[in-house]
Structure formats: C-alpha cells, structure tokens
Amino acid sequence: MGEIRQPGGTVFMVNEPSWVRHILVGEARSFPKHDLMHQLLEPLLGVSIFTTNGAIWERQRRLVDQAFEQARLQLVFPAMQESVAALLLRLDKVADGRDFEVDGEMTYVTADVMFRTILSETLAEADAYSIYESFLLFQKHAQRASLLLMYRIWSWPARFACRKPAQMIRRILSEIIARRFEEVKQSGSSPKLDILNGLMQAVDPVAGDRFTYQETVDQVCMLFLAGHETSASALAWSLYLLSHRPDLQVRMREEIR
Ligand code: HEM
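Residues numbered from 1 in each chain as written. Predicted model: local features only at pLDDT ≥ 70, side-chain atom pairs only at ≥ 80, totals over all residues. Heavy atoms only, no water.

A look at the layout of surface pockets
As a volume, the second largest pocket reaches approximately 360 Å³. Around the second largest pocket, the lining is made up of 14 residues, and of these Val-84, Leu-87, Met-106, Leu-235 and Leu-239 lie nearest the centre. When residues of the lining of the second largest pocket are traced back to their parent elements, those giving at least two are α4 (73-94), α5 (102-119), α9 (213-243) and α10 (246-256). By residue class, the composition of the lining of the second largest pocket is 12 nonpolar, 2 polar and no charged. (1 Å grid on protein atoms, 1.4 Å probe; cavity = no way out; pocket = protein on both sides within 12 Å on 5 of 7 lines; lining within 4 Å. Points joined across faces, edges and corners; volume = space filled by probe spheres on them. Helix = DSSP H or I, 4+ residues; strand = E, 2+ residues; numbered from the N terminus. Nonpolar A, V, L, I, M, F, W, Y, C, P; charged D, E, K, R; others polar.)

Here we look at the site of the ligand
Among the 14 residues in the neighbourhood of the ligand, the closest are listed as Lys-33, Ile-49, Trp-57, Arg-61 and Thr-230. The backbone of Ile-49 places a nitrogen or oxygen atom 3.2 Å from an oxygen atom of the ligand. Secondary-structure elements contributing two or more residues to the shell around the ligand are α3 (54-70) and α9. The dominant element in the shell around the ligand, judged by the number of residues it contributes, is α9, at 7 residues. Partitioned by chemical class, the residues of the shell around the ligand number 9 nonpolar, 3 polar and 2 charged. (Near = heavy atom within 4 Å. Polar contact = N/O pair within 3.5 Å; in protein donor to acceptor, adjacent residues only side chain to side chain.)

Notes on the pattern of salt bridges
Within the structure shown, the criterion is met by 17 salt bridges. In this structure, Arg-170 engages Asp-218 in a salt bridge whose closest nitrogen and oxygen atoms are separated by 2.7 Å. Here the residue Arg-170 occupies a position in helix α7 (residues 156-187), and Asp-218 occupies one in helix α9, the gap between them amounting to 48 residues. Neither Arg-170 nor Asp-218 differs from the other in exposure class; each is buried. Between Asp-247 and Arg-245 there is a salt bridge whose closest N-O contact spans 2.9 Å. The network of salt bridges with shared partners includes Arg-59, Asp-209 and Glu-215. (Salt bridge = Lys/Arg side-chain N within 4 Å of Asp/Glu carboxyl O. Buried < 20%, exposed > 50% of the residue type's maximum accessible area, 1.4 Å probe, protein only.)

Comments concerning the side chain of Thr-117
Relative to the assigned elements, Thr-117 resides in helix α5. Discounting residues that sit within four places of it in the chain, Thr-117 has contacts with Val-76, Ala-79, Met-80, Asp-194 and Ile-195. (Contact = heavy atoms within 4.5 Å.)

A few points about the packing of aromatic side chains
According to the stated counting rule, one finds 5 aromatic pairs in the structure shown. The lysine or arginine in question, Arg-90, covers the ring of Tyr-108, its NZ or CZ lying 3.5 Å from the ring centre. (Phe/Tyr/Trp six-rings, centres within 6.5 Å; stacked < 30°, edge-to-face > 60°. Lys NZ or Arg CZ within 6 Å of the ring centre and 35° of its normal.)

Focus on the pairing of strand β1 (residues 2-6)
Sheet topology places β1 next to strand β2 (residues 9-13); 5 bridges connect them, and they run antiparallel. Across the sheet, residue Gly-2 finds its bridge partner in β2, namely Met-13. Count of turn residues in the β1/β2 antiparallel hairpin: 2 residues. (Pairing = 2+ DSSP bridges.)

Looking at unusual backbone geometry
For Ser-120, which is not glycine, the phi torsion reads 55° and is therefore positive. Position of Ser-120 among the secondary structure elements: in the loop between α5 and α6 (125-150). The partly exposed category is assigned to Ser-120, whose relative accessible area is 35%.

Points about empty space enclosed by the protein
For the structure shown, the criterion picks out 1 cavity of 30 Å³ or more. Within this model, the largest cavity holds a volume of roughly 40 Å³. Lining the largest cavity are Gln-39, Leu-40, Pro-43, Ala-145, Arg-159, Cys-162 and Arg-163.

A word on the nonpolar core
Grouped together as the largest cluster of nonpolar side chains are 48 residues, with contacts concentrated most on Leu-44, Phe-115, Leu-119, Phe-138, Leu-199 and Phe-224. Those elements that provide at least two residues to this core are α2 (35-45), α3, α5, α6, α7, α8 (195-201) and α9. At 9 residues, α7 tops the list of elements feeding residues into this core. When near neighbours in sequence (up to four residues on either side) are disregarded, Phe-138 contacts Leu-40, Leu-41, Leu-44, Cys-162, Pro-165 and Ala-166. (Core = buried A, V, L, I, M, F, W, Y, C linked by side-chain atoms within 4.5 Å.)

Next comes the structure, spelled out in structure tokens:
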C-alpha cells in the first residue's frame, strides 16, 4: 500500500488484490467514495453510480445492472468487432513507418466501442477527436482543481475551467439521448437492443420507477467515460510495453491466430 501525505489529507494507493476486494466488496459500506471525487467529476458525470453512495447508489445500481443484463455480451460483441475493423482501416492508412499517437487511436477505438454498444451509433471522426481533446483538457483542469480542493481552496476559475470541456462532451452525448427519447415517445417502443434502451426500460423493483431523461444522460456520460478512458490507457500502455519486447509480440500474434 502506497501513501501520499499532503497538507489536506493522506491518499492511500491499495494494490494488494485481497485488500482491494476487502475495500470494494467485503466492507464496501465502510469505504464510501470520497466527496472530492463527486465534486470533481460532477460537471462531467453528473449524479451517477461512479460517485454516489448509500441509498442513491443502491437504486441507481439496481437499474444499471438491469441495463447490462439486457444488453448481453453476445448482443454487443459484433458491435465491438465492427469498431476494431474500423480501427484496422484507419491504421492501414498510417502504416508507412511514420510515428503516430497511439494513445489517440486507442481512445478513438474504445470510445467508438462505447458509442456502438451504448447508443447503437458510430462515432464520427470529428466528434472522436473533440472528445479526446476535451477530456485531456478536463483532466488537466480537474487535477489542478483537486489539488486546490485538497488544500481547502475553493476556486471558481478552476471549477469553471473543468466545466467547459465537460459540457462539450455532454452535449455530444445528450443530443443522441434526446433523439432516442423522442423516438420512443413517438413510436411507443425502441427498435434498438443497446445499453441506452436497457437504461430507459429498467424498472426499480423497490420503488417501481425508472430513470428520468436527466438521470439517463448522467449514467450514459458516466459509462462512456468510465468505460473508454480506462481501457484506452490500458491498451496504450500494453502496446508501449509490447513495443519493447519483439519476442512477446511474436508469442501474442501466435496466440491470437
Ligand atoms: C482497464 C479498464 C478499467 C479500469 C482500470 C477500471 C477501474 C475502475 C475503478 C478503479 C473504479 C472505482 C471503484 C470504486 O472506487 O468504487 C471503477 C468503477 C467503475 N467502472 Fe471501471 N475500470 C475499467 C473499465 C471499465 C469499463 C469498460 C466500464 C463500463 C463499460 C467500467 C465501468 C465502471 C463503473 C460503472 C464503475 C462504478 C461502479 C459502481 O460504483 O457501482 N469500467 N472502475
């Protein structure tokens, strides 16, 4: 376990798998998500399971779990394969020995997977790069804002700087969601069996209600961000490590074949 001591508090990084399980599963109720996480991510993720705790998290989680039950891997796997096929076409165009940003391409492909599996839409190239740029900007400003908050300094300029790129990403996603809500309202049903449809159809067995439009936007923004940036970083770093080990590249290629 690593420890980072700062004036505003101490941050612990837990890497031991049995401890991670203890914190995230066994004793999850004793380790709620920090309020700082909510304050920082709220401009981008709204009020969604990534940052909520207690009864709010439990209700949201019951509904999100149902959406994932409906959109089984079997159904969404072909959409993931299409994203990879599109990535290979893009890579063919730059495979002439030039250097290129692998991180941006990994972000593009994982964001495209999210678009296809959550929304049944393909990600337009202009949107892909503007999401990538906006998220980099958001991360930069959020890091500054989080340091200030840890020192108990409330800075409007720092928070405003986070809000602008966050709104850019939320606008792209909420336009698609608004269109779907309108389609369902007009026709009474959704022809698409994706995660958005699952989120709209899920009914809470306890309260008997569904996600509102605003709650759906928050959960989709959260899933989009939580799902693509993490996987993109893991892929980019894997490729970086593989680039240093030609022997492992050969083994991996054989294993895949
Ligand atoms: C390499 C890939 C990934 C990494 C390293 C990663 C890491 C994490 C971490 C550290 C948390 C926080 C746990 C906590 O504090 O409670 C989390 C939560 C979450 N992640 Fe991921 N994640 C990855 C991929 C994904 C994908 C692909 C999705 C969705 C399609 C996803 C959706 C979520 C959700 C919904 C939560 C919140 C769960 C809850 O609190 O109920 N993640 N992830």
